[in-house]
Amino acid sequence: GAGVSQTPSNKVTEKGKYVELRCDPISGHTALYWYRQSLGQGPEFLIYFQGTGAADDSGLPNDRFFAVRPEGSVSTLKIQRTERGDSAVYLCASRPGTRAGELFFGEGSRLTVL
Amino acid sequence: SQQGEEDPQALSIQEGENATMNCSYKTSINNLQWYRQNSGRGLVHLILIRSNEREKHSGRLRVTLDTSKKSSSLLITASRAADTASYFCATGEKTSYDKVIFGPGTSLSVIP
């Protein structure tokens, strides 16, 4: 597709369950970012990748959160033992190359933990 | 992590007026960007200004950057109802890779 694709668009789960959120970046974009956004707040940085490696994962809130990008394209954000406080919109963005520039965002995955 | 503050948190103006939003940040940066987000949608890039630039224009948008004060402003001239959205500044941190950190945003309402 032409843009960043995120699936699922909505996910409702129960406290304690495991969740995977997927991001399919724009083809050829080497940098990929994950953010978390709560209602009325700005996007909170979680992690970003250059190629297959996590260049900076300092925003992951704790060890229940993990993200992978095994082939340098699609990325999966994994959340174990979900808590109600994990409820938010998870945004993915990508950009080409290593030079600073515009981020292209997906529409987000809305996670609700009951 | 989030970067700095945005001011005001909310702004309501009449169509045709200018809207000014301010952003302050804390760290050394390579660049600063502004994004727009319509309710419930993803973010859309508006403009990027590099740390060695002081002012940049794009259509009805004017961005300034003062690295000595660690602040930036976004001016939207001749606002339209369609400009109603949230606006975020985002800084590209001066690390070996470009970590991008967003501010809390300004909610702009343009009344027809």
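Here the structure is shown first, and the text comes after it.
Worth saying up front: this structure is predicted, and the values here are computed from it rather than measured. (Residues numbered from 1 in each chain as written. Chains lettered and ligands numbered in written order. Predicted model: local features only at pLDDT ≥ 70, side-chain atom pairs only at ≥ 80, totals over all residues. Heavy atoms only, no water.)

## Regarding the overall build of chain B
Phase 1 of the analysis: The secondary structure content of chain B amounts to zero helices and eleven strands.
Phase 2 of the analysis: For chain B, the N- to C-terminal ordering of α and β elements is β-β-β-β-β-β-β-β-β-β-β.
Phase 3 of the analysis: The C-alpha radius of gyration computed for chain B amounts to 13 Å, which stays within 12% of the reference 13 Å derived for 112 residues, consistent with globular compactness.
Phase 4 of the analysis: Projected onto the principal axes, the alpha-carbon positions of chain B cover approximately 45 × 30 × 20 Å.
Phase 5 of the analysis: By the burial criterion, 46% of the 112 residues in chain B qualify as buried.
Phase 6 of the analysis: Taking contacts inside chain B between residues at least 6 apart in sequence as the whole, the part at least 24 apart equals 55%.
Phase 7 of the analysis: Just so you have it, chain B exposes about 5200 Å², and 45% of that area is on carbon and sulfur atoms.
Phase 8 of the analysis: Side-chain charges of chain B comprise 13 positive and 11 negative groups, with the mean position of each set lying 5 Å from the other. (Helix = DSSP H or I, 4+ residues; strand = E, 2+ residues; numbered from the N terminus. Rg over C-alpha atoms; globule rule 2.2 N^0.38 Å. Buried < 20%, exposed > 50% of the residue type's maximum accessible area, 1.4 Å probe, protein only. Contact = heavy atoms within 4.5 Å. Areas by Shrake-Rupley, 256 points an atom, 1.4 Å probe, with all protein chains shown as cover. Lys, Arg positive; Asp, Glu negative; His and termini not counted. Charge placed at Lys NZ, Arg CZ, Asp CG, Glu CD.)

## Quick word on unusual backbone geometry
Phase 1 of the analysis: Of note, the bond from A:T7 into A:P8 is cis; its omega dihedral lies within 30 degrees of zero at -10 degrees.
Phase 2 of the analysis: Tracing the backbone shows A:P8 in the loop between β1 (5-7) and β2 (10-13).
Phase 3 of the analysis: Cis geometry is adopted by the peptide bond preceding B:P8, which originates at B:D7 and carries an omega value of -5 degrees.
Phase 4 of the analysis: At B:A78, a position not held by glycine, the phi torsion is positive, near 45 degrees.
Phase 5 of the analysis: Examined against the element boundaries, B:A78 turns out to sit in the loop between β8 (71-76) and β9 (85-93).
Phase 6 of the analysis: Taking relative accessible area as the criterion, B:A78 reaches 39% and is therefore assigned partly exposed.

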